[in-house]
Amino acid sequence: MKQEKIRLLFVCLGNICRSPSAEAVMKKLVKDKGLEDRFVIDSAGTIGHHAGQRADARMRTHAERRGIVLDSISRPVTMDDFYDFDLIIGMDNQNIDALKRKAPEWESVRKIHKMTDFSRKKTYDHVPDPYYGGASGFELVLDLLEDACQGLLDYCLNPDPDQDPEIGEGF
Ligand code: 4NP
């Protein structure tokens, strides 16, 4: 029997730093495990300010040093996203609030989660915006995403809502 794909949308403010990095980190994890057929992975921004642009050059440089290639083009979240994806994963509370305001109905709200809810190390409760900061901010984003995306992959392959009440009821 053909398995349904798991559809993941990562969301930040501009879709040029954190969410394209989350998309690329998750795609690499999935590819390394030979699980590409089981996932659809995309990213978007809560604002359309940078629509059509490649990811921030600083973010791309830091990611490439870890073997992570950011090739997405910025786009804003659309209404269809709330129907097309199983999990919609924001990077901070501002993203979560914006997503909840955009969500068309209750079923969509239940799809919204915060990236750090999947963290294994639990050092941060959000992925801080690196846009106006220096190199350490971009490195922190990648450290947090590499950890949380591994937690997210584990969750997707073996959803156990009892394990972490922060993470809804699966999908
Ligand atoms: P992101 O970072 O939300 O991680 O893509 C930002 C990108 C752009 C802006 C802010 C944050 N901006 O103000 O244009």
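One can find the structure itself at the top, above this paragraph.
Values in this document were obtained by computation on a predicted structure and should not be read as measured data. (Residues numbered from 1 in each chain as written. Predicted model: local features only at pLDDT ≥ 70, side-chain atom pairs only at ≥ 80, totals over all residues. Heavy atoms only, no water.)

Caption draft 1: Examining the packing of helix α2 (residues 57-65) against helix α6 (residues 135-157) more closely. One way to put it is that α2 packs onto α6 with a least axis distance of 10 Å and a crossing angle of 55 degrees. Taken together, the axis directions place α2 and α6 in an arrangement best described as oblique. The chirality of how α2 crosses α6 is right-handed. Here Arg-58, Met-59, His-62, Ala-63 and Arg-65 of α2 lie close against α6, whose contacting residues are Ala-135, Phe-138, Glu-139, Val-141 and Leu-142. Its residues assigned to classes, the contact of α2 with α6 comprises six nonpolar, one polar and three charged. (Axes fitted to C-alpha atoms, helices over the stretch in contact; angles between N-to-C directions. Helix = DSSP H or I, 4+ residues; strand = E, 2+ residues; numbered from the N terminus. Parallel < 35°, antiparallel > 145°, perpendicular 65-115°, else oblique. Left-handed = near helix turned anticlockwise from the far one by under 90°. Contact = heavy atoms within 4.5 Å. Nonpolar A, V, L, I, M, F, W, Y, C, P; charged D, E, K, R; others polar.)

Caption draft 2: Expanded view of unusual backbone geometry. Despite not being glycine, Asn-15 has its phi angle at roughly 60 degrees, a positive value. At Lys-122, a residue that is not glycine, the phi angle is positive and equals roughly 55 degrees. Structurally, the position occupied by Lys-122 is in the loop between β4 (112-114) and α6.

Caption draft 3: Seen up close, the environment of Cys-156. Here Cys-156 is to be found in helix α6. Cys-156 gets classed as buried once you look at its relative accessible area, which sits at 4%. Spatially, the C-alpha atoms of Cys-156 and Phe-39 are 9.6 Å apart, while their sequence positions differ by 117 residues. (Buried < 20%, exposed > 50% of the residue type's maximum accessible area, 1.4 Å probe, protein only.)

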